[in-house]
Amino acid sequence: MSLNIKNEEVTRLVEEVAAATGETKTEAIRKALEERKQRLALPDRSAAEERFRLAQQEFFAKFPPSERKMPTRDEMDALFE
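Calculation rules
- Residues numbered from 1 in each chain as written.
- Predicted model: local features only at pLDDT ≥ 70, side-chain atom pairs only at ≥ 80, totals over all residues.
- Heavy atoms only, no water.
- Patch = residues over 30% accessible without salt bridge, like charges linked within 9 Å, V, L, I, M, F, W, Y side chains within 5 Å.
- Areas by Shrake-Rupley, 256 points an atom, 1.4 Å probe, with all protein chains shown as cover.
- Salt bridge = Lys/Arg side-chain N within 4 Å of Asp/Glu carboxyl O.
- Helix = DSSP H or I, 4+ residues; strand = E, 2+ residues; numbered from the N terminus.
- Phe/Tyr/Trp six-rings, centres within 6.5 Å; stacked < 30°, edge-to-face > 60°.
- pLDDT = per-residue confidence, 0-100.
- Axes fitted to C-alpha atoms, helices over the stretch in contact; angles between N-to-C directions.
- Parallel < 35°, antiparallel > 145°, perpendicular 65-115°, else oblique.
- Contact = heavy atoms within 4.5 Å.
- Nonpolar A, V, L, I, M, F, W, Y, C, P; charged D, E, K, R; others polar.
- Expected span 1.5 Å × (residues − 1).
- Polar contact = N/O pair within 3.5 Å; in protein donor to acceptor, adjacent residues only side chain to side chain.
- Buried < 20%, exposed > 50% of the residue type's maximum accessible area, 1.4 Å probe, protein only.

Side note on a nonpolar patch on the surface
On the surface, Leu 3, Ile 5 and Val 10 cluster together to form a nonpolar patch covering roughly 260 Å² of accessible area. Checked against the element boundaries, Val 10 lands in helix H1 (residues 8–21).

Here it is in structure tokens:
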């Protein structure tokens, strides 16, 4: 399978990275795409929900028990009026 890149900036970047790392242009592109793919990967939703739950508990623990409740819709609306 071939890929024909017709963008001068992309070509220049590939050449710079390949020269700096001693990799082939193909390997430089493959590694760059793998690294970007990993950065874009979304964390497991259940893990994110668990982190949110723990952060919420930590936040509410800083308030007296009488104030440890979520604001009602009316209370939230009043904040932004």
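The rest of the description comes next.
Observations regarding the packing of aromatic side chains
Scanning all chains against the criterion turns up two aromatic pairs. Through successive ring pairs, a cluster of aromatic residues spans Phe 59, Phe 60 and Phe 63.

A look at the confidence of the model for the protein
Regions with low pLDDT should not have their predicted coordinates read in detail. For the protein, per-residue confidence averages 88 on the pLDDT scale, and residues scoring 70 or more make up 98% of the total. Confidence, expressed as mean pLDDT per element, reaches its minimum in the protein at helix H3 (residues 45–60) with 86 and its maximum at H1 with 95.

Quick look at the packing of H1 against helix H2 (residues 25–40)
Relative orientation of the contacting elements H1 and H2 amounts to 100°, with a least axis distance of 8 Å. By the angle between their axes, H1 is roughly perpendicular relative to H2. Residues Val 14, Glu 15, Val 17 and Ala 18 of H1 form the contact with H2, whose own contacting residues are Lys 25, Ala 28 and Ile 29. Residue composition of the contact of H1 with H2, by class: five nonpolar, no polar and two charged.

Brief notes about H1
Over its 14 residues, H1 extends 20 Å from the first C-alpha to the last, a length consistent with the 20 Å expected when each residue adds 1.5 Å. Capping of H1 at its N-terminal end is provided by Asn 7; its side-chain oxygen lies 3.0 Å from the backbone amide nitrogen of Glu 9. Looking one or two residues past H1, Gly 22 carries a phi angle of roughly 75°, positive in sign.

What about the pattern of salt bridges?
According to the stated counting rule, one finds five salt bridges in the structure shown. As a salt-bridge pair, Lys 25 and Glu 15 come within 3.6 Å of each other at their nearest N and O atoms. Of this pair, Lys 25 sits in helix H2 while Glu 15 sits in helix H1, and the two are ten residues apart along the sequence. On the accessibility criterion, Glu 15 (39% relative accessible area) is partly exposed. With a closest N to O distance of 2.9 Å, Lys 31 and Glu 23 form a salt bridge. Owing to a relative accessible area of 34%, Lys 31 belongs among the partly exposed residues under this scheme.

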